Every structure is written in structure tokens, then in C-alpha cells.
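# Structural description and commentary
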Amino acid sequence: MSRIAIIGGTGLSELVGLKNIKTEKVDTVYGETSGVIESGLLEGEEVVFLSRHGKPHTIPPHKINYRANLDALHKLNVKKIIAVNAVGGISSDMPPKHIVIPHQIIDYTYGREHTFYDNTSEVELQHVDFSDPYDGDLRFKLISAAKQYDIPFSNSGVYACTQGPRLESSAEVQRLLRDGCDIVGMTGMPEAALARELGIAYASVCIVVNPAAGLSHEPITMTDIHRVLTEGIGNVLTLLKLVISQLN
Ligand code: HPA
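A few points on the structure. (Residues numbered from 1 in each chain as written. Predicted model: local features only at pLDDT ≥ 70, side-chain atom pairs only at ≥ 80, totals over all residues. Heavy atoms only, no water.)

## Description of the site of the ligand
With respect to spatial proximity, the complete set of residues near the ligand consists of A86, V87, G88, L167, E168, V184, G185, M186, V209 and N210. A distance of 3.3 Å separates a nitrogen atom of the ligand from a polar backbone atom of G88. At a separation of 2.7 Å, a nitrogen atom of the ligand approaches a polar side-chain atom of N210. Here the ligand, which alone exposes 260 Å², has 92% of that area covered by the protein. For the shell around the ligand, the elements supplying multiple residues, two or more each, are β5 (78-89), β10 (183-185) and β11 (201-211). Considering every element that reaches the shell around the ligand, the biggest residue donor is β5, with 3 residues. (Near = heavy atom within 4 Å. Polar contact = N/O pair within 3.5 Å; in protein donor to acceptor, adjacent residues only side chain to side chain. Areas by Shrake-Rupley, 256 points an atom, 1.4 Å probe, with all protein chains shown as cover. Helix = DSSP H or I, 4+ residues; strand = E, 2+ residues; numbered from the N terminus.)

Spelled out as C-alpha cells, the structure:
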């Protein structure tokens, strides 16, 4: 049976409401996954859950073993992934707590293991189409659920993926703005591209946790980010529960 996975990000290292939890043990040739993969029932629907930063949150964005995570989910017959990403808001209409279902990505990361095609003696190299990085059908369902639930959200946005773990300089954010980016995070890539290489439908629910660097008069603090997450993650969870019940 094909399965649906949720990859949790900062603020979602545990999928509250997941019942009948079982631990899935998967070996990959890429090394260890971010932690234990769980499966269980969310609102009565079967879901696989993986916390990308580990449980508790200890793995920084540039150290996440994205290939192991995606390979393991693939081995568990996952065909659809909804990723949750905490982001900084660049567009003025994307303030803290706002939810964004992004439609595009620009990748500013470097040095990450970003493809399964690095040993082409074992598999034939494919240059996968990435014109639309996020799966159209999954995005449509997320957007419909967000409309139903009536939360403030944006049905599109360009996600800038930076290397981290430091935040950006103000000038870097101005450059992202000129590049057409609406939100900035550190974990969207190579996750989305690896899912595409494996033929897994992938979409993201982003929650804005701070105005990006230089866009507010206040410094960005982890205390403020955690406060926004505490206040805003409930909407993300409700959206996930709604969409999961409509995916099968
Ligand atoms: N920049 C990059 N990644 C982030 C941010 C940010 O401002 N906020 C949360 N993740």
C-alpha cells in the first residue's frame, strides 16, 4: 500500500495527535536518518512521520542527512510527502504566523549531498524535470484545505533556501527580494529535489516565524521564533489533519 509522510521541521519534532505509533526501522546505504521514523494514525488515516532535525531537535539544517531520510521514506513505500518548514518572511504580506504553500524554490545552498545520481555506474543518470519543484495536486489539496479551514495563508510563494545555520545579512535578504523570493528557510533543499529524483510527490507547508533579516527594527531572536511557533503551529497541525483526511 502506498503511504503518506509528513516531515516535521522546527517546532514540529513531534506529530501531536499521532496514535497507535509504531517505529519503522530502515537501513540505507546513505547512513543514518534524522532519527526514528514513526508510523501511526492521524485522524484515523495512516501516516509516516519523520522529524528532520531529530527528536529532540539537535541536527542543524546543513548536517541533515537528506538522502538517508528520503531513501528511507522511499523504502517504506511513501508516495506523497508534506514537508513542514519554518521560514523568515520577505514579502510584506507574509508576517509572522502566516502560512505559505510555496510554488517555487531558489537554491542558495552549497556542499550538501543533493542527488542520488552521484554513482552513475550503478544507476543511469537522469536529469529530472524540476520546473515545478512542488507537486501540483498536493499543493491544490493543501490550498483547498487551508481555504476550508479559513486560516490566513498564501497559496503561492518563492522559497529561498539558504545554507545556514546563521541567519542572513540584511543585504542578502535584499538580494533575495530582488531575486523574487517571498520566504527564506534552510531546509527546503535538497529535500524537494531528492523527492523528485525518487518520484515522490512533495509539497511544503511553511510557517513564517520572523521577518527576514533587516526587515524589522528588532533583532531576530530564538526566543521570538519559539514564541511565534508555539502560537502558530496549531494552525499547521490542523491543516495537516484536514489535508491527510482528503488525500487517500
Ligand atoms: N532565514 C533563514 N531560515 C529561517 C529564517 C530566516 O530568517 N527563519 C526561520 N528559518
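After that view, the rundown keeps rolling.
## Examining the side chain of H53
Its place among the elements puts H53 in the loop between β4 (45-51) and α1 (66-75). In contact with H53, not counting residues within four places along its chain, are G9, T10, T58, I59, P60, P61, I64 and T187. (Contact = heavy atoms within 4.5 Å.)

## Some words on the pattern of salt bridges
Summed over all chains, the structure comprises 13 salt bridges. Between D118 and R67 there is a salt bridge, with the nearest N and O atoms lying 2.9 Å from each other. Taken together, the positions of D118 in the loop between β7 (104-107) and α2 (136-149) and R67 in helix α1 put the pair 51 residues apart, joining distant regions of the chain. Overall, D118 belongs to the partly exposed group, its relative accessible area being 47%. Note that K141 and D137 form a salt bridge whose closest N and O atoms lie 3.0 Å from each other. Linking K141 with D137, this pair stays in helix α2, spanning 4 residues, or about one helical turn. (Salt bridge = Lys/Arg side-chain N within 4 Å of Asp/Glu carboxyl O. Buried < 20%, exposed > 50% of the residue type's maximum accessible area, 1.4 Å probe, protein only.)

## Details of the packing of aromatic side chains
Following the criterion strictly, the structure yields 2 aromatic pairs and no others. Here Y30 and F116 contribute two aromatic rings whose centre-to-centre distance is 5.3 Å and whose plane-to-plane angle is 65 degrees, an arrangement assigned as edge-to-face. With a gap of 86 residues between them, Y30 in the loop between β2 (18-24) and β3 (37-42) and F116 in the loop between β7 and α2 connect regions that are remote in the sequence. Taking the centre distance of 6.2 Å and the plane angle of 15 degrees together, the rings of Y134 and Y202 count as stacked. Taken together, the residues Y134 in the loop between β7 and α2 and Y202 in strand β11 connect sequence positions 68 residues apart. Each member of the pair Y134 and Y202 is classed as buried. (Phe/Tyr/Trp six-rings, centres within 6.5 Å; stacked < 30°, edge-to-face > 60°.)

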